[in-house]
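# An overview of the molecular structure
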Number of protein chains: 2
Amino acid sequence: MLDQFDPRLDAEFPPVDRQALRARLAPLLPAGGYLDGAEALRAYESDGLPAYRSLPAAVVLPETLEQVRTVMKACAELGVPVVTRGAGTGLSGGALPFPGGVLLVMSKFSKILEIDPVALTARVQPGVRNLAVSEAAAPHGLFYAPDPSSQLACSIGGNVAENAGGVHCLKYGLTVHNILAVQVVTLDGEVLTLGGPAADAAGLDLMALFTGSEGLLGVVTEVLLRLQPLPETTRLILAAFDDVGRAAQAVAAIMAAGVVPAGLEMMDGPALRAAEDFARAGYPKDAAAILLCEIDGQAEDVAEEIERVSALLRESGAAEVRIARDEDERRRFWAGRKGAFPAMGRLAPDYYCIDGTIPRKSLPFVLAEMGRLADVHGLGVANVFHAGDGNLHPLILYDANLDGDLAKAEALGGAILELCVSVGGSITGEHGVGREKINQMCVQFSEAEVNAFHALKAAFDPQGLLNPGKAIPTLARCAEYGGMHVHNGALPFAHLERF
Amino acid sequence: MLDQFDPRLDAEFPPVDRQALRARLAPLLPAGGYLDGAEALRAYESDGLPAYRSLPAAVVLPETLEQVRTVMKACAELGVPVVTRGAGTGLSGGALPFPGGVLLVMSKFSKILEIDPVALTARVQPGVRNLAVSEAAAPHGLFYAPDPSSQLACSIGGNVAENAGGVHCLKYGLTVHNILAVQVVTLDGEVLTLGGPAADAAGLDLMALFTGSEGLLGVVTEVLLRLQPLPETTRLILAAFDDVGRAAQAVAAIMAAGVVPAGLEMMDGPALRAAEDFARAGYPKDAAAILLCEIDGQAEDVAEEIERVSALLRESGAAEVRIARDEDERRRFWAGRKGAFPAMGRLAPDYYCIDGTIPRKSLPFVLAEMGRLADVHGLGVANVFHAGDGNLHPLILYDANLDGDLAKAEALGGAILELCVSVGGSITGEHGVGREKINQMCVQFSEAEVNAFHALKAAFDPQGLLNPGKAIPTLARCAEYGGMHVHNGALPFAHLERF
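So, how was this worked out
- Residues numbered from 1 in each chain as written.
- Chains lettered and ligands numbered in written order.
- Predicted model: local features only at pLDDT ≥ 70, side-chain atom pairs only at ≥ 80, totals over all residues.
- Heavy atoms only, no water.
- UniProt positions renumbered as here; feature names shortened; annotations may be inferred.
- Helix = DSSP H or I, 4+ residues; strand = E, 2+ residues; numbered from the N terminus.
- Buried < 20%, exposed > 50% of the residue type's maximum accessible area, 1.4 Å probe, protein only.
- Contact = heavy atoms within 4.5 Å.
- Areas by Shrake-Rupley, 256 points an atom, 1.4 Å probe, with all protein chains shown as cover.
- Lys, Arg positive; Asp, Glu negative; His and termini not counted.
- Charge placed at Lys NZ, Arg CZ, Asp CG, Glu CD.
- Expected span 1.5 Å × (residues − 1).
- Core = buried A, V, L, I, M, F, W, Y, C linked by side-chain atoms within 4.5 Å.
- Domains from an automatic or database assignment.
- Buried area = accessible area lost by both parts, 1.4 Å probe.
- Salt bridge = Lys/Arg side-chain N within 4 Å of Asp/Glu carboxyl O.
- Polar contact = N/O pair within 3.5 Å; in protein donor to acceptor, adjacent residues only side chain to side chain.
- Nonpolar A, V, L, I, M, F, W, Y, C, P; charged D, E, K, R; others polar.
- Pairing = 2+ DSSP bridges.
- Axes fitted to C-alpha atoms, helices over the stretch in contact; angles between N-to-C directions.
- Least-squares fit on C-alpha atoms with pLDDT ≥ 70 in both.
- Phe/Tyr/Trp six-rings, centres within 6.5 Å; stacked < 30°, edge-to-face > 60°.
- Patch = residues over 30% accessible without salt bridge, like charges linked within 9 Å, V, L, I, M, F, W, Y side chains within 5 Å.
- Disulfide = S-S within 2.5 Å.
- Parallel < 35°, antiparallel > 145°, perpendicular 65-115°, else oblique.
- Left-handed = near helix turned anticlockwise from the far one by under 90°.

Going by an unreviewed UniProt entry, chain A carries the name FAD-binding oxidoreductase and comes from Phenylobacterium parvum. As its UniProt record puts it under Cofactor (unreviewed entry), chain A is described as follows: "FAD".

Shown next as structure tokens:
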């Protein structure tokens, strides 16, 4: 999967004249807002997926809407590719620079412009950190629900670009469900307002189209976020299972009972043991899997749901059901989950985090099949994931210093994503396609669907300058990768019934 | 607003050779699936907005996906406009035939294909009636949340095309929040699957783009709906106010307290008195306004919220707060609300139902301003609306037999929608733009935004054959109507702060 970034495969642009680029762009930007020294560029050579690296011709750091507009227009006129970058925490290589192109970094757009406690909204610039919104909203008894695990560092603009999720999106939805409007700048420097503070917007839903568009259509310059009331009470259940399949069935049982937990996470044996050694969370180390189920809301209601979920977990065969005694124990249980990724260092020198979604009912089948695939490829896999919404994060364990191990990890990752597609799932849950999953797009979508993506892209960016080589594969690439997937003709969902 | 349908203004097509059209299309369809007799066409001359009427060259009634594909391809080759129609209950003229074009009626696609109680989904054809989904889901303890007031008759395909709402969308969201995937056929006969059963979909969010696209991009041929667990308990509060502004403030107070009612409806004096005379709901006839606030969920939680909301209503100055004693009284309170539209016949021979949304905090201002506009135009207005999400439905009272009265109603309707835009709202909440609000689109959007809509439309329909003259105005029309609205430059939401 992790082939090196080869722009020739997906897009070709004439080499940039760096002097001319500087002469044209630097005057549009504030002092220090145009960087093209080797050392400065090196700092931006990759995002949160460091397996890919490439160098832009220049990094630009605009501070005003007008600067974004003039930079975009200049790049369009020069025919220079533009990649937009937020905090650079993305895991699919979406903010990987286009070699020799411009990297537009939005980190100076870092103001929270307004919190409106009556409208339950926050108006923010895209460089604002995700967690900073909830911190600013807390005095009003409000919070911003999407909480990717990078929420301390990641920024709202990147969240919009990737349609970010997190533990709480099971109950509160993805980014697209938690924003009301975005202001964007197009390649030709136009400013568009998409969506609005009212419940519905007229015209085509461009706000949803831009959300998750991975920098392919324009640059987000302002966002109106929907805030939620902070729940009165939050409680957490930990359930241990002797069998991973039974844990997966418990997830289905909880959701089918009509309970909507604030979060419903699963960790399998290898993951929970590594996490326990790392974080001393108090997990039962002999379990084959644990579930963490969080319920929030008003106190009485939470108490009742906790009872109901506990009973369902026991009926589903949980060996142990523990309700966090207090806030301290609740935090500890979560600390293990949150430390699971860094804890992987105890299992292997390197890990590769995969992101796919599947319908919940396929969980037992997919977990079993994933184990089989790991054996075939000769690598270990630890599972830590958002079980409630079927968003898997298998962690493939490998050693980059062993010859061929990275290639094995890439092959296994691709196979797991294609397994997700085969049960009616998706190759991304919250990390986006970026550069990483460009080949798997060919498996997910038919030729007609890929053509529809290209037509939409061309409507905003006829020259193909915005984030080239990302998110949408060329048909040539798909042919090279091994042909397009075609849905089962007239009944696109019929294949689900096999599982 | 209700200018007659003048296709020359927005789109021009050569006249159709009716013999050739029949020769080409009729063989593609089952017996009785091609209608072009004068009497048959007359039955389809308008939708739920009968002020507009026009006749298609032919009505086609496909029964299979393949028939939809071949009809679409044939129309594309012939260069004949195609308007898709569901149940024809729409209120913005979206299914008004294009004069001399093809009307594609999806009523034969009327099967519920699958209810999946584990995945909480229903897979249905677009001609299935909205209420039929909830009826089929009820034995599994589930329901389909969007409930437009036409839910007995309207069909899912039309709901998707208009992004339909209803009383319960305050808590459960619009149609776009309650569907997981759509299968669509494009003008060139391609079948696309947009979205999927998993939590997130890869690629650009075409599912959201198609939802609410009013037949401009393709034809919906299958929908995967999200179902919700039926709430254990549902209770209703009626609150009466001596002052409309105070009722509006109570709405803001409830929402700001973090309560999310299942429905929060307002009726003003004229509306509630007409409804009471019509339905004998038990409303206090001397009130200036009433609120109906429904809470659903688990019994204990509902009891607690009912207490909380009652207190908030009293604090906001309600003259009377009544909790429906039993299911019978709850149904009676709703019967008045549901009968409010037909009850208008007691106030005036005709009424014109407007649909706009505003931020909740602007409710008191907009209600007052609307009264002033009604006086200026010399017509009465009764208000019955989804107050919780700021979705207004002013009913303009007029007499079509009085010379000039309809023109006055149209002018007042346009002025009210433009008032909604001026406070940061939208010219549609759930009825769509259709033919009705095409001029107001020029007020809602800037030239760059209208251009973006056209570019997207052209990506799917370069010939402009799908539902021409609807939803997106030409720039020429906007110039004629009186210039484009331009957002306040760099801060598109700043104008909200004025209110």
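## Concerning the overall build of chain A
Counting its regular elements, chain A contains 18 helices and 20 strands. Taken along its principal axes, the extent of the C-alpha atoms in chain A is 70 × 55 × 50 Å. Taking all 499 residues of chain A together, 62% fall into the buried category. Looking at chain A alone, contacts between residues at least 24 apart form 74% of all its contacts between residues at least 6 apart. About 16900 Å² of surface is accessible on chain A, with carbon and sulfur atoms providing 52% of the total. For chain A, the distance from the average position of its 40 positive side-chain charges to the average position of its 61 negative side-chain charges is 3 Å.

## Examining helix H17 (residues 447–460) of chain B
Look at H17 of chain B: 21 Å from first C-alpha to last across 14 residues, which is about the 20 Å you get at 1.5 Å a residue. All of the buried residues along H17 of chain B are Ala-448, Glu-449, Val-450, Ala-452, Phe-453, Leu-456, Lys-457 and Phe-460 of chain B.

## Brief notes about the nonpolar core
Leu-313 of chain A together with Leu-313 of chain B are the most contacted members of the largest nonpolar core, which has 186 residues in total. Every residue in contact with Leu-313 of chain A, bar those within four places of it in the chain, is listed here: Ile-237, Ala-239, Phe-241, Ala-250, Ile-254, Leu-291, Ala-318 and Val-321 of chain A.

## As for the domain arrangement of chain A
Interfaces are frequently sized by the accessible area removed from exposure as the parts join. When cut into domains, chain A gives domain 1 (7–105), domain 2 (112–229), domain 3 (233–344) and domain 4 (348–498). Between the C-alpha centres of domain 1 of chain A and domain 3 of chain A there is a distance of 43 Å.

## Observations concerning the interface of chain B and chain A
Contacts between the two partners involve 80 residues from chain B and, on the opposite side, 80 residues from chain A. When the two sides are added together, the surface that chain B and chain A hide from each other amounts to roughly 6500 Å², 63% of it contributed by carbon and sulfur. Across the pair Asp-116 of chain B and Lys-361 of chain A runs a salt bridge, and its minimum N-O distance is 2.5 Å. Here chain B and chain A share eight residue pairs in polar contact (both at pLDDT 80 or more) between them. For the side of chain B that touches chain A, the element with the highest residue contribution is H17 of chain B, accounting for eight residues. Counted by class, the side of chain B that touches chain A contains 43 nonpolar, 18 polar and 19 charged residues.

## Some thoughts on the pattern of salt bridges
Residues and elements named next belong to chain A. Taken as a whole and judged by the stated rule, the model has 46 salt bridges over all chains. A salt bridge links Glu-45 to Arg-53; its shortest N-O distance comes to 3.0 Å. Classification of Glu-45 by relative accessible area gives buried; the value is 13%. For Arg-53, a relative accessible area of 45% gives the class partly exposed.

## Considering the sheet that holds strand E6 (residues 121–124) of chain B
Residue and element names in this part refer to chain B. Taken together, the five strands give an open sheet; going across it, the order is E5-E6-E10-E8-E9, and neighbouring strands pair in antiparallel fashion. Both edges of this open sheet fall to strand E5 (112–116) and strand E9 (191–195), since each of them pairs with a single strand only. On average, each strand axis in the sheet is tilted by 15° relative to the strand beside it, whichever way the strands run. In this structure, strand E8 (residues 179–185) lies alongside strand E10 (residues 219–226), joined through six bridges in antiparallel fashion. Counterpart to Ala-181 in the pairing with E10 is Leu-224. In this fold helix H5 (residues 130–137) packs onto E5, E6 and E10, with an angle of close to 45° to the strand it touches most, E5.

## As for the relation of the copies chain B and chain A
When chain B is brought onto chain A, the operation consists of a screw motion whose angular component is 180° and whose axial shift is 0.0 Å, with 0.0 Å RMSD remaining. As the rotation angle and translation indicate, the two copies are arranged about a two-fold axis.

## Here's the deal with the packing of aromatic side chains
The final tally for this structure, using the stated rule, is ten aromatic pairs over all chains. Plain terms: the ring middles of Phe-445 of chain A and Phe-453 of chain A are 4.9 Å apart, the flat faces sit at 90° to each other, and that makes the pair edge-to-face. Phe-453 of chain A carries the same exposure label as Phe-445 of chain A, and that label is buried. On the numbers, 5.4 Å between centres and 90° between planes, the contact of Phe-210 of chain B with Phe-460 of chain B is edge-to-face. Of this pair, Phe-210 of chain B sits in helix H8 (residues 206–210) while Phe-460 of chain B sits in helix H17; the two residues are 250 residues apart in sequence, bridging distant segments of the chain. Assessed through its relative accessible area of 8%, Phe-460 of chain B is described here as buried.

## What about a negative patch on the surface?
Taken together, the side chains of Glu-232 and Glu-300 of chain A together with Glu-232 and Glu-300 of chain B present a region of like negative charge at the surface. Secondary-structure assignment places Glu-232 of chain A in the loop between strand E11 (228–229) and strand E12 (233–241). Classification of Glu-232 of chain A as exposed rests on a relative accessible area of 53%.

## Some thoughts on the sheet that holds strand E8 (residues 179–185) of chain A
Residue and element names in this part refer to chain A. Strands sit in the order E5-E6-E10-E8-E9 across an open sheet of five strands; the sheet is antiparallel. Every interior strand has two partners, whereas the edge strands, strand E5 (112–116) and strand E9 (191–195), have only one. Within this sheet the neighbouring strands show an average axis-to-axis angle of 15°, counted without direction. Note: E8 against E9, five bridges, orientation antiparallel. Directly across from Val-182, in E9, lies its bridge partner Leu-194. Across the sheet, helix H5 (residues 130–137) lies against E5, strand E6 (121–124) and strand E10 (219–226), angled at about 45° from E5, the strand it touches most.

## Looking at the side chain of Glu-305 of chain B
Looking at where Glu-305 of chain B falls in the secondary structure, it is placed in helix H11 (residues 299–315). Residue class for Glu-305 of chain B comes out buried when judged on its relative accessible area of 10%. Once you skip the residues sitting within four places of it in the chain, Glu-305 of chain B turns out to touch Gln-298 of chain A together with Val-259 and Ile-295 of chain B.

## Brief notes about unusual backbone geometry
Residue and element names in this part refer to chain A. Its identity is not glycine, yet Asn-163 carries a phi of approximately 50°, on the positive side. Along the chain, Asn-163 falls in the loop between helix H6 (156–162) and helix H7 (169–172). A relative accessible area of 7% places Asn-163 in the buried class.

## Quick look at the state of the cysteines
All names here are of chain A. Under the counting rule described, the total for this entry stands at two disulfides over all chains. Between the sulfur atoms of Cys-442 and its disulfide partner Cys-478 the distance amounts to 2.0 Å. For the disulfide bridge between Cys-442 and Cys-478, the dihedral angle about the S-S bond is near -80°, and by the sign convention the bridge is left-handed. Here Cys-478 lies in helix H18 (residues 475–481) and Cys-442 lies in helix H16 (residues 438–444), a separation of 36 residues in the sequence. Neither Cys-442 nor Cys-478 differs from the other in exposure class; each is buried. Free of any disulfide, Cys-420 has its nearest cysteine sulfur in Cys-353, 12 Å distant. Take Cys-420: its relative accessible area is 1%, and that puts it in the buried class.

## A short note on the packing of helix H14 (residues 363–377) of chain A against helix H15 (residues 405–422) of chain A
Residue and element names in this part refer to chain A. Running from N to C, H14 and H15 cross one another at 155°; their axes reach a closest spacing of 10 Å. Between H14 and H15, the angle is such that the two are roughly antiparallel. As H14 runs across H15, the sense of the crossing is right-handed. Only Lys-408, Ala-411, Leu-412, Ala-415, Ile-416 and Leu-419 of H15 make contact with H14, whose side of the interface consists of Phe-365, Val-366, Glu-369, Met-370, Leu-373, Ala-374 and His-377. The class makeup of the residues in the contact of H14 with H15 is ten nonpolar, one polar and two charged.

## What about the pairing of E9 of chain A?
Extensive coverage of E9 of chain A is indicated by the burial of four of its five residues. Linking E8 of chain A back to E9 of chain A in an antiparallel pair, the connection comprises five residues, with Gly-189 of chain A at a positive phi of about 80°.

## Observations concerning the packing of helix H9 (residues 244–256) of chain B against helix H14 (residues 363–377) of chain B
Residue and element names in this part refer to chain B. Packing of H9 against H14 brings their axes to within 8 Å, and their N-to-C directions diverge by 150°. As judged from the angle between their axes, H9 and H14 are roughly antiparallel. Considering only the axes of H9 and H14, their crossing is right-handed. Listed contacts from H14 to Val-244, Gly-245, Ala-248, Gln-249 and Val-251 of H9 are Leu-363, Pro-364 and Leu-367. Split by residue class, the contact of H9 with H14 holds six nonpolar, two polar and no charged.

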